[in-house]
Amino acid sequence: EEEEEEDTEEQVVRFVALGDGGEGNTAQYAVASAMKTVCDAKTDDVGEGCEFALYLGDNFYNEGVESLDDPQFETKFEAPYSEISFPFYVVLGNHDYGELSLDFFRVPYQVEYTTRSTKWNMPNEFYTKNHDHALFIGLDTNAIMVEDILGDSGQDVWLTGIHASNEATWTIAFGHHPYISNGRHGNAGTYEGFPFIPIVSGESVKEFFDAHICGMVDVYISGHDHNRQWLNPTCGTEFIVSGAAAKNTDLEGRGSPTYWEDDTTPGFVWIELRDNVLTGEFYNQDAVLEFTHTVTK
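Conventions we followed
Residues numbered from 1 in each chain as written. Predicted model: local features only at pLDDT ≥ 70, side-chain atom pairs only at ≥ 80, totals over all residues. Heavy atoms only, no water. Pairing = 2+ DSSP bridges. Helix = DSSP H or I, 4+ residues; strand = E, 2+ residues; numbered from the N terminus. Contact = heavy atoms within 4.5 Å. Axes fitted to C-alpha atoms, helices over the stretch in contact; angles between N-to-C directions. Buried < 20%, exposed > 50% of the residue type's maximum accessible area, 1.4 Å probe, protein only. Polar contact = N/O pair within 3.5 Å; in protein donor to acceptor, adjacent residues only side chain to side chain. Patch = residues over 30% accessible without salt bridge, like charges linked within 9 Å, V, L, I, M, F, W, Y side chains within 5 Å. Areas by Shrake-Rupley, 256 points an atom, 1.4 Å probe, with all protein chains shown as cover. Salt bridge = Lys/Arg side-chain N within 4 Å of Asp/Glu carboxyl O. Disulfide = S-S within 2.5 Å. 1 Å grid on protein atoms, 1.4 Å probe; cavity = no way out; pocket = protein on both sides within 12 Å on 5 of 7 lines; lining within 4 Å. Points joined across faces, edges and corners; volume = space filled by probe spheres on them. Nonpolar A, V, L, I, M, F, W, Y, C, P; charged D, E, K, R; others polar.

What exactly am I supposed to notice about the sheet that holds strand 2 (residues 52-55) here?
Strand pairs in the sheet, formed through backbone hydrogen bonds, run parallel or antiparallel to each other. With mixed pairing, 7 strands are arranged side by side in an open sheet as 4-3-2-1-12-13-14. Each end of this open sheet is capped by a strand with a single partner; those strands are strand 4 (120-121) and strand 14 (289-296). Alignment of strand 2 against strand 3 (residues 88-90), held across 3 bridges, turns out to be parallel. Opposite Ala53, over in strand 3, you have Phe88 as the bridge partner. With respect to the sheet, helix 1 (residues 26-42) is in contact with strand 1 (12-18), strand 2, strand 3, strand 12 (267-274) and strand 13 (277-284), its orientation differing from that of strand 12 by roughly 25°.

See below:
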């Protein structure tokens, strides 16, 4: 009997990740331009240099949007990224829930805007996307943050079900709040340096990640701190902070070892998943490659 020829075609997924972009300022335009430069340069006979972006929350400073016709959709998203044609998979940040992070009425407009935009993709407050051999899990970490006040966000049960049936080679989760970070906001459970006030400290975020992310996803990418970090893996997962889409805040050294970190310039991370090898590259707002790292499964 003739053996079936083995399928040797490589599986390649390429994307960028950046958060905290909702300013409409010069830096946001610069990062967008750098992203286009890098994505165009990476395009080859395998495929697009970037198939999509993960957009990591705080999409509209300072208080999210007020309606589906809010001009900020244009000034802080469509216009800055007008030269980019690939889709953005968007999640919510604390500012998207208003300045005090509790204006739930603002959220449905960002979900609904998906039907109006050719780029903006937020099918729900939390959702998954499949690309070839990778599963992408978009979280609403703000809803997890405020569970102590407003009750279960539904993401525990949802994610348990996803993990149970997930057969992807790579599982990448993305959300706004970090699990670990050397930035000003710091580590879940002690956000802002406050360990004992759960709504501030992110205790519920820490508990959620310990139960559903650690060792269950390969990489978690977040924003919230306005700098770029590739942290040493902890609890069986790689953690990346890429919250410098439009501005910078200082690193403060919260005790988490990093392979690389920078708080001097806006920028983004580019990632390629080629079969069982992940390659990540950090670029600044001038499209200069500043750090690269590979992970093999």
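What is the right way to read the environment of Trp120 from this model?
Inspection of the secondary structure puts Trp120 in strand 4. For the pair formed by Trp120 and Pro71, sequence separation is 49 residues and the distance between their alpha carbons is 15 Å. Leave out the neighbours within four places in its chain, and Trp120 touches Asn59, Phe60, Phe73, Phe77, Phe88, Val90, Gln110, Tyr113 and Thr114.

What is the right way to look at the sheet that holds strand 5 (residues 127-131) in this model?
The sheet built from 7 strands is open, its strands ordered 5-6-7-8-10-9-11 with mixed pairing. Because the sheet does not close on itself, it has two edges, and the strands there are strand 5 and strand 11 (258-262). Adjacent strand axes in the sheet meet at a mean angle of 20°, parallel and antiparallel pairs treated alike. Across 5 bridges, the pairing between strand 9 (residues 228-234) and strand 10 (residues 237-242) is antiparallel. Considered in strand 10, the bridge of Thr234 is made with Thr237.

Can you help me understand the side chain of Thr171 in this one?
Tracing the chain through its elements places Thr171 in strand 7 (residues 170-174). Looking at Thr171, the relative accessible area reads 4%, which means it is buried. A distance of 2.7 Å separates the side chain of Thr171 from the side chain of Asn166, its partner in a polar contact.

What is the right way to read a nonpolar patch on the surface from this model?
Together, Leu102, Phe104, Ile149 and Leu150 make up a nonpolar patch on the protein surface, roughly 360 Å² of accessible area in all. Position of Leu150 among the secondary structure elements: in helix 5 (residues 147-150).

What exactly am I supposed to notice about unusual backbone geometry here?
The phi angle of most residues is negative, glycine excepted, and most peptide bonds adopt the trans form. With an omega of 5°, the peptide bond between Tyr61 and Asn62 qualifies as cis. Positive phi values are uncommon outside glycine, yet Asp58 reaches one of about 55°. Assignment of secondary structure puts Asp58 in the loop between strand 2 and helix 2 (72-78). By relative accessible area, Asp58 is classed as buried at 2%.

Before we go on, may I ask you to explain the state of the cysteines in this structure?
Two cysteines form a disulfide when their sulfur atoms are joined by a covalent bond. Under the counting rule described, the total for this entry stands at 2 disulfides. Disulfide partner of Cys39: Cys50, at an S-S distance of 1.9 Å. Note on the Cys39 and Cys50 pair: the S-S dihedral is about -85°, so by sign convention the disulfide is left-handed. Remark: Cys50 occurs in the loop between helix 1 and strand 2 and Cys39 occurs in helix 1; sequence separation between them is 11 residues. Overall, Cys39 belongs to the buried group, its relative accessible area being 4%. Note on Cys50: relative accessible area 3%, which makes it buried. Between Cys214 and Cys235 runs a disulfide, and the two sulfur atoms are separated by 2.1 Å. The chirality of the disulfide connecting Cys214 with Cys235 is left-handed, given an S-S dihedral of about -70°. Taken as a pair, Cys214 in the loop between helix 8 (203-212) and strand 8 (219-222) and Cys235 in the loop between strand 9 and strand 10 lie far apart in primary sequence, 21 residues in all. Taking relative accessible area as the criterion, Cys214 reaches 14% and is therefore assigned buried. Within the chain, bonded cysteines paired by disulfides and numbered along the sequence follow the pattern 1-2, 3-4.

Which parts of the structure should I look at to understand the layout of surface pockets?
One simple way to see leftover space: roll a probe sized like a water molecule over the atoms. In this structure, the largest pocket spans a volume of roughly 430 Å³. In this structure, the largest pocket is lined by 23 residues; those nearest its centre are Asn94, Ser101, Met145, Glu192 and His224. Those elements that place two or more of their residues in the lining of the largest pocket are helix 4 (141-145) and helix 7 (198-201). By residue class, the composition of the lining of the largest pocket is 10 nonpolar, 8 polar and 5 charged. Of the voids in this model, the second largest pocket is the one considered here, and its volume is about 150 Å³. Along its surface, the second largest pocket is lined by 13 residues, and Tyr97, Phe104, Asp140, Ala143 and Ser153 are the ones closest to its centre. For the lining of the second largest pocket, a count of residues per class yields 8 nonpolar, 2 polar and 3 charged.

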